[in-house]
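Coordinate inspection notes
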Amino acid sequence: MISCQAAPPAVLPPTIIAPVTAVTSPTVVTPTTDPLTPTLEPTPAPALTPSPTDTTTPPITEKPAAIPPTKPSPTLPPTPTPDNLPQIIGTSYEGRPIYSYRFGSGPIPIVFVGGIHGGYEWNTILLAYQVMDYFTAQPYRIPANVTLFIIPVANPDGLFAVTQNEGRFLVADLAEDTFPGRFNGRNVDLNRNWDCQWSATAVWRNQPVSGGSQPFSEPESRALRDFFLETRPALVLFWHSAANGVFIAGCPETDGLSRQFAAIFGSASGYPVHERFAYYPITGDAGDWLSTQGIPSISVELKTHETLDWPENLVGILALLSHYNKQLQ
Ligand SMILES: [Zn+2]
């Protein structure tokens, strides 16, 4: 039920990392080639074009999916914007925009969130960008009944702290010490700031961290909260690193629907599924709060602080989408 961020002490990687060779694939895109460079200009609202029916999705190992059909949200699609152009859902404590990118236009919203722990978990941000690139190149892989929102950098202050960058970055841009990038510009842990078992003084590994002055004291948390409540996702997936596993949201009891999504993702990807984060107490967790709102959530903890775990995450994502694709058949 409780998800978090850091590996247990026994498997913690070195604090100082410079894994220049760990991520050298074309997935690290320079800003000059970024087709999704955010624009601050308001965009007109063109007519939405339904996604073409996916007829070429490769076979995915079918998982037992007892999840009931998701009712289309009456609020979707939200304010129409052209596919793949970002929406600014809020700003950070230091005033940096938080972007959401939309793929597809179906009635069932799903949200993926990277970088809530900023530059400390920078690999979750690069993974989110790689997922965006994948669906930009292959938009037909989004089922016609799904709209996928990707928020690649939920903590832009934390990313800036270690890259001096607000968006896409290179591994070579990273500071040697990524630790300060975990927090927002006010030194608050944004995954301790939500209204589930919240505490002002929270814990990360064996040290205290700030959960904020009250639940949702931070603008980043409020922006995400409001986006979730407006969008009413059928599922929210958070990426963290590096505890190697899928963690089920719940507050306090593990959420049943979240458990089923975790089973789908875990079975396809090979990540172990954990009922709860047991390494240290977690307060104010975002996914746990979502479960109090009837919104299922899982946290996917990457295996290390450097790898993207791309094959595992791609097959996990496609398994989740397959669940909705089957509802069309
Ligand atoms: Zn984390």
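I will try to describe carefully the structure that is included in this document.

Quick notes on the rules
- Residues numbered from 1 in each chain as written.
- Predicted model: local features only at pLDDT ≥ 70, side-chain atom pairs only at ≥ 80, totals over all residues.
- Pairing = 2+ DSSP bridges.
- Helix = DSSP H or I, 4+ residues; strand = E, 2+ residues; numbered from the N terminus.
- Contact = placed C-beta atoms within 7 Å.
- Axes fitted to C-alpha atoms, helices over the stretch in contact; angles between N-to-C directions.
- Buried ≥ 20, exposed ≤ 12 C-beta atoms within 10 Å, placed from the backbone.
- Core = buried A, V, L, I, M, F, W, Y, C linked by C-beta atoms within 7 Å.
- Expected span 1.5 Å × (residues − 1).

1. Concerning the sheet that holds strand 9 (residues 273–274)
Across the sheet, which stays open at both edges, the 8 strands sit in the order 1-2-4-3-7-10-8-9 with mixed pairing between neighbours. Only two strands of the sheet have a single partner each, and these edge strands are strand 1 (86–91) and strand 9. Set on the sheet, helix 3 (residues 219–231) makes contact with strand 1, strand 2 (97–103), strand 3 (108–113), strand 4 (146–151) and strand 7 (235–241); between it and strand 1 the angle comes to about 130 degrees.

2. As for helix 2 (residues 156–163)
Most of helix 2 sits inside the fold, with 8 of its 8 residues counted as buried. Residues of helix 2 that are buried: Pro156, Asp157, Gly158, Leu159, Phe160, Ala161, Val162 and Thr163. Looking at the buried side of helix 2, the elements it contacts are strand 2 and helix 1 (122–137).

3. A closer look at the environment of Leu314
Take Leu314: it is sitting in helix 6 (residues 310–325). Counting along the chain gives 46 residues from Leu314 to Ala268, while the straight-line C-alpha distance between them is 9.3 Å.

4. Quick look at the nonpolar core
Formed by 79 residues in total, the largest nonpolar core has its most connected members in Val113, Ala128, Ile150, Val236, Phe265 and Ile298. The element contributing the most residues to this core is helix 1, with 9 residues. Among all residues touching Ala128, those that are not within four sequence positions of it are Phe112, Gly114, Gly115, Ile150, Pro152 and Trp239.

5. A closer look at helix 4 (residues 256–269)
A rise of 1.5 Å per residue sets the reference length of helix 4, with its 14 residues, at 20 Å; its end C-alpha atoms lie 20 Å apart and thus fit the reference within 8%. For helix 4, the tally of buried residues reaches 11 of 14 residues, placing the bulk of the element in the interior. Residues Leu257, Ser258, Gln260, Phe261, Ala262, Ala263, Ile264, Phe265, Gly266, Ala268 and Ser269 constitute the buried set of helix 4. Each element contacted by the buried residues of helix 4 is listed here: strand 7, strand 8 (245–248), strand 9, helix 5 (286–292), strand 10 (297–302) and helix 6.

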